[in-house]
Each structure stands twice: as C-alpha cells, then as structure tokens.
Amino acid sequence: MNFKLLMVFVDQDKTDVVLDASREAGATGATIIPSAQGRGLKLHPTFFGLEFLAARSVILIVVEARRSSEVLKAVTEAGGMDESLDTGIALELEVSQAFGLSEHIKALSKEHPVSKT
C-alpha cells in the first residue's frame, strides 16, 4: 500500500479545526508538535526591535496515497492556507515505507469506501 505524509504548519488556534477536517476527509489520526516557531516572508518586530514569533503547530498526517489529495485539500481550506502570507502551509511528501497502519486502513475502508470514479 502506498502512503503520503502531509505536513501542516498552522497557528495553534487552528489546530483543532485542521484536525477535524483531516478526519472528516479520511485521515485516521495525526501527530501534533505544538509550539513550533518559524520565520515567514516578513519580519514582525515588536518592542526593543525583537521579532514576534507566534506559536504554531506542526501536524503530521500519514494517509493512503489515494486519499491524500482529498485530505490535503480539506486541511488547506480549514486552515485558510491561501488567504494571506501568515496563515501557514501544507505540503505532501512521498512515504517509502510505513508500518503500524494496517488496522487503521481496514477500519477506515469500512467507514469511508473510496469511490472508483
């Protein structure tokens, strides 16, 4: 079975919305790395010239390859990724091997059969 890794970088206040959207679109779970920080296109200076780095979540979602486009679209919309420069990013990577997911896939296939269209 082929898998994809979706990496979603989003403000912490949008984490639950993104997780709910991923599950509704067919993901069986996710790993959340809270309080990540990073720099974007523009600096956000605050007092004393220090830069403000808002806390973000990194959400890692391993999904079947045939479901990845739908899940990626759902998390992108839920997180508002294309609304402005500061909303975060979502990306997809190939997974060469994955273990520990067979029972998840069986359960998901019963709940959300993939259409053959």
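Please refer to the structure higher up on the page.
Fair warning: this is a prediction, and the values are worked out from it, not measured in the lab.

Reading the values: rules and limits
Residues numbered from 1 in each chain as written. Predicted model: local features only at pLDDT ≥ 70, side-chain atom pairs only at ≥ 80, totals over all residues. Heavy atoms only, no water. Helix = DSSP H or I, 4+ residues; strand = E, 2+ residues; numbered from the N terminus. Buried < 20%, exposed > 50% of the residue type's maximum accessible area, 1.4 Å probe, protein only. Polar contact = N/O pair within 3.5 Å; in protein donor to acceptor, adjacent residues only side chain to side chain. Arc of directions from axis to C-beta. Contact = heavy atoms within 4.5 Å.

Draft legend 1. Layout of the environment of R56. By secondary structure assignment, the location of R56 is in strand β3 (residues 56-64). A residue is classified by how much of its surface remains accessible, and R56, at 22% relative accessible area, is partly exposed. Sequence-wise, R56 and P34 are 22 residues apart; in three dimensions their C-alpha atoms are separated by 6.5 Å. Separated by 3.3 Å, the side chains of R56 and D11 make a polar contact.

Draft legend 2. Highlighting helix α1 (residues 15-24). When we look at burial in α1, the residues that qualify are T15, V18, L19, A21 and S22. Relative to the axis of α1, the buried residues are bounded by an arc of 165° and lie together on one face. Set apart from the buried face of α1 by more than 90 degrees, the exposed residues are D16, R23 and E24. Where α1 is buried, its residues meet β1 (3-11), β2 (31-36), β3 and α2 (65-79).

Treat this as a map of the structure, not an account of what it does.
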